[in-house]
Amino acid sequence: MNDTMWIHTLEKQALAGESLNREAILRLLALDPASEAALCLGRAAGRLARVATGNRGRVWSAIGLDCRPCPKNCTFCAFGARWGLMREERELAPAEVIDTARRLVHDGADWVTLRTTEFYGFERLCRLARQVRDAVPGAYHMVVNTGQMGDAEVRAMQAAGIDVVYHSLRLGEGACTCFTPEERLETLRAVARSPLRLAHLVEPVGPEHSNEEIAHVLMTALENGAVLSGVMARVAVPGTPDGRREVLSERRLAQLTAITRLCGGLRVPDICVHPASRLAVEWGANVVVVEGGAVPRHEAFCGEAWRGFDMAQARALLREAGYAVNTAEAAPGRDGNCAP
Ligand code: SF4
């Protein structure tokens, strides 16, 4: 069967709730991003997105709580102590976090993520999450993106009002990071055993990653029950070991996004792309990210939205692609995609 006919078959299978196997994922990954077949894939993913999401676009917001030199020295991260970019420690005060969360929710964010380095402190993070929940009413999902965790930590997070955990097996885990894949998998399994929901992107993707590596990480996200997936490109942060490396083309990023959409089918309604890309939003992504504060993709603390991509721009991008989005004034109630 030629690629185009085969992709139409995959689209029907995804709509019928069938999963793609590894062989199919590898064949999609091997398509030339500039080819007609890749365009066909992107369009199929775009159609599937409308069905899977009920035509709903969403904004994932993230507040980076702490900037500090990190001895873990992941090669893509601006915080790595060895790169010397983060000379001063900076931490947001609880009142700043609450104000930021309030503004993000008012502006229509669907998720508010408290993101930390490995050194913030788990109990402090839970206390802060509870403070935000108590101070900021709304139908948003409270997310943490922090270090490794087990069953006890997961239970404490749930008690603190957290309902989603962002965690991922990274591409190049153990080589570009100092964590072993098994450490990551233990956390993913602890979340999968709990009522908390998992968000897991394929990240940080660069042209250096093989199709086999990308397929493995994507399948890990799906096998661990991620309700939100998608793709985050590796950003070349000047001064880090990856600072001079080539980054993904927009078309390849959109192709990978489309593949995550087809693989997620109807089970993974929310597919995210980061950094935001109009083509990727047309090719299956319904979620874009607004982030600020401590951002591992930036060589200094971000007082404003990273790269200027704020809530208004995020909403406009999704709307231009035909999605319905929250208004700035009132967020709708949870619709079950990620609800606890
Ligand atoms: S990604 Fe996390 S663990 Fe790795 S250097 Fe950055 S802050 Fe440290």
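What counts, and where the lines are drawn
- Residues numbered from 1 in each chain as written.
- Predicted model: local features only at pLDDT ≥ 70, side-chain atom pairs only at ≥ 80, totals over all residues.
- Heavy atoms only, no water.
- Helix = DSSP H or I, 4+ residues; strand = E, 2+ residues; numbered from the N terminus.
- Rg over C-alpha atoms; globule rule 2.2 N^0.38 Å.
- Buried < 20%, exposed > 50% of the residue type's maximum accessible area, 1.4 Å probe, protein only.
- Contact = heavy atoms within 4.5 Å.
- Lys, Arg positive; Asp, Glu negative; His and termini not counted.
- Charge placed at Lys NZ, Arg CZ, Asp CG, Glu CD.
- Disulfide = S-S within 2.5 Å.
- Near = heavy atom within 4 Å.
- Nonpolar A, V, L, I, M, F, W, Y, C, P; charged D, E, K, R; others polar.
- Polar contact = N/O pair within 3.5 Å; in protein donor to acceptor, adjacent residues only side chain to side chain.
- Patch = residues over 30% accessible without salt bridge, like charges linked within 9 Å, V, L, I, M, F, W, Y side chains within 5 Å.
- Areas by Shrake-Rupley, 256 points an atom, 1.4 Å probe, with all protein chains shown as cover.
- Salt bridge = Lys/Arg side-chain N within 4 Å of Asp/Glu carboxyl O.
- UniProt positions renumbered as here; feature names shortened; annotations may be inferred.
- pLDDT = per-residue confidence, 0-100.
- Core = buried A, V, L, I, M, F, W, Y, C linked by side-chain atoms within 4.5 Å.
- Pairing = 2+ DSSP bridges.

Caption draft 1: Seen up close, the overall build of the protein chain. When its secondary structure is counted, the protein chain shows 11 helices and 11 strands. For the protein chain, whose C-alpha radius of gyration is 19 Å, the value lies close to the compact-globule estimate of 20 Å for 340 residues. By its C-alpha atoms, the protein chain is 55 × 45 × 35 Å across when sized along the principal axes. Counting all 340 residues of the protein chain, 58% fall into the buried class. Sequence separation of at least 24 residues holds for 74% of the intrachain contacts in the protein chain that already meet a minimum separation of 6. Between the mean site of the 39 positive side-chain charges and the mean site of the 41 negative ones, the protein chain shows a separation of 2 Å.

Caption draft 2: Geometry of the state of the cysteines. Within this structure, the stated rule accounts for 0 disulfides. Free cysteine Cys178: the closest other cysteine sulfur is in Cys74, separated by 5.5 Å. Residue class for Cys178 comes out partly exposed when judged on its relative accessible area of 39%.

Caption draft 3: Region of interest: the site of the ligand. Around the ligand, the surrounding shell consists of Cys70, Lys72, Asn73, Cys74, Cys77, Phe79, Glu118 and Phe179. For the shell around the ligand, a count of residues per class yields 5 nonpolar, 1 polar and 2 charged.

Caption draft 4: Broad picture of the side chain of Glu291. By the element assignment, Glu291 lies in strand S11 (residues 287-293). Among the polar contacts listed, one links the side chain of Glu291 to the side chain of His274, at a separation of 2.7 Å. Non-local contacts of Glu291, meaning those with residues more than four positions away in its chain, are made with Ala62, Arg115, His274, Arg297, Glu304, Ala305 and Trp306.

Caption draft 5: Seen up close, a nonpolar patch on the surface. Taken together, Leu15, Val51 and Leu266 make up a surface patch of nonpolar side chains, about 240 Å² in accessible area. Relative to the assigned elements, Val51 resides in helix H3 (residues 36-53).

Caption draft 6: Seen up close, the UniProt feature "domain: Radical SAM core" (unreviewed entry) in the protein chain. UniProt's feature table lists "domain: Radical SAM core" (unreviewed entry) at residues 53-267, given in the numbering used throughout. Counted over residues 53-267, helix gives 36% and strand 17%. Its end C-alpha atoms are 10 Å apart.

Caption draft 7: Representation of the environment of Arg252. Considering the arrangement of structural elements, one finds Arg252 in helix H9 (residues 250-264). In this structure Arg252 comes out as buried when scored by relative accessible area, which is 15%. Note: C-alpha distance between Arg252 and Leu29 (223 residues apart in sequence) is 9.3 Å. When near neighbours in sequence (up to four residues on either side) are disregarded, Arg252 contacts Leu29, Leu31, Pro33, Asn211 and Ile214. A polar contact of 2.8 Å, which involves the side chain of Arg252, links it to the backbone oxygen of Leu29.

Caption draft 8: Local environment of the pattern of salt bridges. Under the criterion given, the structure shown has 23 salt bridges. Residue Arg124 pairs with Glu91 through a salt bridge whose shortest N-O separation is 2.4 Å. Of the two residues, Arg124 sits in helix H5 (residues 122-135) while Glu91 sits in strand S3 (residues 90-91), which places them 33 residues apart along the sequence. Under the relative-accessibility criterion, Arg124 is labelled partly exposed at 32%. The salt bridge involving Asp99 is made with Arg102; its shortest N-O contact spans 3.4 Å. Here the residue Asp99 and the residue Arg102 both occupy positions in helix H4 (residues 94-106), the gap between them amounting to 3 residues, near one helical turn. Classification of Asp99 as partly exposed rests on a relative accessible area of 43%.

Caption draft 9: How the structure looks around the confidence of the model for the protein chain. Residue-level pLDDT values for the protein chain average 94, and 96% of them are 70 or greater. Contacts from residues 331-340, a stretch scored under 50 in pLDDT, to residues over four places away or in other chains number 29 contacts.

Caption draft 10: Focus on the nonpolar core. In terms of nonpolar packing, the biggest core is built from 88 residues, with Ile7, Leu28, Ile63, Leu114, Val132, Met157 and Ile259 touching the most fellow members. The dominant element in this core, judged by the number of residues it contributes, is H3, at 8 residues. Among residues more than four places away in sequence, those in contact with Met157 are Phe122, Cys126, Val144, Met149, Ile162, Val165 and Leu196. The next biggest cluster of nonpolar side chains, apart from the first, holds 16 residues, and it includes Ala78, Phe79, Phe179 and Cys302.

Caption draft 11: Representation of the pairing of S11 within the structure. Along S11, 7 of the 7 residues are buried, which leaves the element largely enclosed by surrounding structure. The pairing of strand S10 (residues 270-274) with S11 spans 2 bridges and is parallel. When the bridges of S11 are listed, Val273 appears paired with Val288.

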